[in-house]
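# Structural description and commentary
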Amino acid sequence: MSEELKPDVEPTAARSTVPIWIVVLMLVLLYLGATYFDRHSGWFDQQVYAPYSSAGELALYQPKSGAAALIAHGRTVYENVCGTCHGNDGLGKANQAPPLAGSEWVAKDVVSLARVPLLGLNGPIKVAGQDWNLAMAPMGAGLSDADLAAVLSYIRTSWGNQSGPVSADDARTARAAISGNSPSAADLARMTPVERGHEVFQKYGCAQCHGPDGKGGVPNPNAKTAELVPSLIFVADGYNKAELTTFISRGERVIPRKNPEGPEPPHFMPQWGKIVNTNELNDLADFLFSLKPKGSDVGF
Amino acid sequence: MKNKFGVFLLGVATLTLLSAVVARAEDQLDAETKARIEKFEKGPATIDVSKYPQGIQDNYEVFSSKCTQCHKLSRPINSDFVMPDEWSRYVKRMMRKPGSGIDSADGKKIYEFLVFDSSVRKKAMLDEKLAKATPEEKTAAEAKIKEVHDKYDK
């Protein structure tokens, strides 16, 4: 049979390789896509994708200037430092902290108001006609003048409070007027590390939760640690200096619960590293190590 | 040659993603500790103590009953603590927690078990840490390990 008489064969496409430019283009797109995803996605954080609940909330996040910026920054400081007890709504919490909304304490002069976060406040007081008898640590002692001014401004202008904003200069003046009680730099230089650590212990109000001598015993309902804030007198046994200062710096936001179904224990260890400086931390560790009772070695 | 370019691009893309993940992890101070604990807890939750001396086997019972009150046993079993001073601090730290229910006699048994076990089951890790320690630390650690072995090895 000659070639011409063969039946027609079904035509097929010739095999050919995928052009390299397509491969390159796809890889470039993958690279750009990954970069874009990385920069703009906020990963899989729910907050990034959740819609704003109102136009007001959206407006809250817009850039501000002048007093508005100061107050917006104050809100951040407030919610980090004060809100846990006084409530983000400024209404306070029963048996924990009095309200700031409508409080006559907020309407006082700047020095009197600044005294509370800078020195803490203990004992019986009256707020808006109601009696309170609690203890507050000097939570604002470690804030910068700018942060202190911002947070005071926020408090004085929010929740119906009508006092004006506070400038960083006002905050500096108030701090200077108040710090007359604490030891001077010269005093501190003369003290031993343990003595300085004791000052640090008092300055930041560690005693409010851990007891005046660090012996603990303050109730912390539903905490796994026998519903108590732990004593500190044996930290010398359980920590070396690096471990202890690291722990104090990081704090412990989530306290294990005695009953997992029960409520969150009200007290937690704040992240002191943001507030207490390194020298103070080292002195504090020396003070805490000095608390260990003599003759309490357990033999291992 | 052409292939190499594709591999190069894919590599770049992978690295970008990876580095983003790493940067993300560093944001959280505690993430590292958390990850360490999770890794430990994924390991085995028991130790075969049948070849250990009887006293150490008894101490293992104390260890497994006391320590599981608050956390999984796999956490200490697979942890990277091996040095006697590490165990001494951690056992005391746990013991001093209010309501731990561990008295100093039990604490000592747990400590001795952990030191013994680390010197056998985690010997490689222990030797590595001893090699990195200062001469004084090394001598002190070896003395403490010997103390436990002398007490229990018969």
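On to the overall build of chain A. Within chain A, the regular secondary structure consists of 13 helices and two strands. Sorting the 300 residues of chain A into buried and exposed places 28% on the buried side.

Further remarks concern the nonpolar core. Counting 48 residues, the largest nonpolar core has A:A114, A:V151, A:L152, A:L284 and A:L288 as the members making the most contacts within it. Elements with a contribution of two residues or more to this core: α4 (66-86), α5 (110-119), α6 (145-157), α7 (168-178), α9 (193-203), α11 (235-238), α12 (241-250) and α13 (278-289) of chain A. Looking at which element gives the most residues to this core, the answer is α6(A), with seven residues. Summarising the domain contributions, this core has at least three residues from each of domain 1 (62-181) and domain 2 (185-289) of chain A. When residues no more than four places from it in sequence are discounted, the contact partners of A:V151 are A:G74, A:V77, A:Y78, A:C82 and A:L143. Counting residues in each nonpolar core, the second largest holds 17 residues, with B:I56, B:Y60, B:F63 and B:I110 among its members.

It is worth spelling out the packing of helix α6 (residues 104-120) of chain B against helix α8 (residues 135-152) of chain B at this point. All names here are of chain B. Where α6 meets α8, the closest approach of the two axes is 9 Å, and the angle between their N-to-C directions is 100°. It follows from the interaxial angle that α6 and α8 lie roughly perpendicular. Contacts from E112, V115, F116 and S119 in α6 reach K144, I145, V148, H149 and Y152 in α8. A class-by-class count of the residues in the contact of α6 with α8 yields five nonpolar, two polar and two charged.

Attention shifts here to α6(A). All names here are of chain A. With 13 residues, α6 ought to run about 18 Å at 1.5 Å a step, and its terminal C-alpha atoms sit 18 Å apart, in line with that. Counting buried positions along α6 yields 10 of 13 residues, so the element is predominantly enclosed. The inward-facing, buried residues of α6 contact α4, α5 and α7. With its phi angle positive at about 55°, W159 sits one or two positions after the end of α6.

Here the focus is the pairing of strand β2 (residues 130-136) of chain A. Here seven bridges tie strand β1 (residues 121-127) of chain A to β2(A), and the two strands are oriented antiparallel to one another. The partner of A:N122 across the bridge, within β2(A), is A:A135.

So, on to the packing of α6(A) against α7(A). Residues and elements named next belong to chain A. Where α6 meets α7, the axes come as close as 8 Å, and the angle between the chain directions of the two elements is 105°. Considering their axes alone, α6 and α7 lie roughly perpendicular with respect to each other. Judged by residue contacts, D145, A146, L148, A149 and L152 of α6 engage A168, D170, A171, R172 and R175 from α7. Class assignment for the residues of the contact of α6 with α7 results in six nonpolar, no polar and four charged.

In this section: the confidence of the model for chain B. Taken over all residues, the pLDDT of chain B has a mean of 87, while the share at 70 or more is 84%. When the criterion is pLDDT under 50, residues 23-29 of chain B qualifies, and its contacts beyond four places in sequence or with other chains add up to three contacts.

For the rest of this paragraph, the subject is unusual backbone geometry. Residues and elements named next belong to chain A. With a phi angle near 55°, W159 is a residue other than glycine that sits in the positive phi range. Its place among the elements puts W159 in the loop between α6 and α7. Taking the number of C-beta atoms within 10 Å as the measure of exposure, W159 has 16 and is therefore partly exposed. In this structure, N222 is a non-glycine residue whose phi angle is positive, near 70°. With respect to the element layout, N222 can be found in the loop between α10 (207-210) and α11.

It is worth spelling out the environment of A:R257 at this point. When you line up the elements, A:R257 lands in the loop between α12 and α13. Ignoring sequence-local partners within four residues, the contact set of A:R257 consists of A:N222, A:K224, A:G262 and A:P265.

Okay, α8(B) next. Helical periodicity: at 3.6 residues per turn, an α-helix aligns residues three or four positions apart in one direction. All names here are of chain B. Across its 18 residues, α8 extends 26 Å between first and last C-alpha, which sits within 8% of the 26 Å expected from 1.5 Å per residue. Among all positions in α8, only A141, K144 and V148 are buried. One face of α8 carries all of its buried residues, which in axial projection span an arc of 60°. Structural note: α8 exposes P135, E136, T139, A143, K146 and D150 on the side pointing more than 90 degrees away from its buried face. Against the buried residues of α8 lie α5 (84-95), α6 and α7 (123-132).

Residue and element names in this part refer to chain A. Tracing the chain through its elements places Q96 in the loop between α4 and α5. Considered as a pair, Q96 and N133 are 37 residues apart in the sequence and their alpha carbons are 9.6 Å apart. In this structure, Q96 is in contact with C85 and P266, ignoring residues within four places of it in sequence.

Rules used throughout
- Residues numbered from 1 in each chain as written.
- Chains lettered and ligands numbered in written order.
- Predicted model: local features only at pLDDT ≥ 70, side-chain atom pairs only at ≥ 80, totals over all residues.
- Helix = DSSP H or I, 4+ residues; strand = E, 2+ residues; numbered from the N terminus.
- Buried ≥ 20, exposed ≤ 12 C-beta atoms within 10 Å, placed from the backbone.
- Core = buried A, V, L, I, M, F, W, Y, C linked by C-beta atoms within 7 Å.
- Domains from an automatic or database assignment.
- Contact = placed C-beta atoms within 7 Å.
- Axes fitted to C-alpha atoms, helices over the stretch in contact; angles between N-to-C directions.
- Parallel < 35°, antiparallel > 145°, perpendicular 65-115°, else oblique.
- Nonpolar A, V, L, I, M, F, W, Y, C, P; charged D, E, K, R; others polar.
- Expected span 1.5 Å × (residues − 1).
- Pairing = 2+ DSSP bridges.
- pLDDT = per-residue confidence, 0-100.
- Arc of directions from axis to C-beta.

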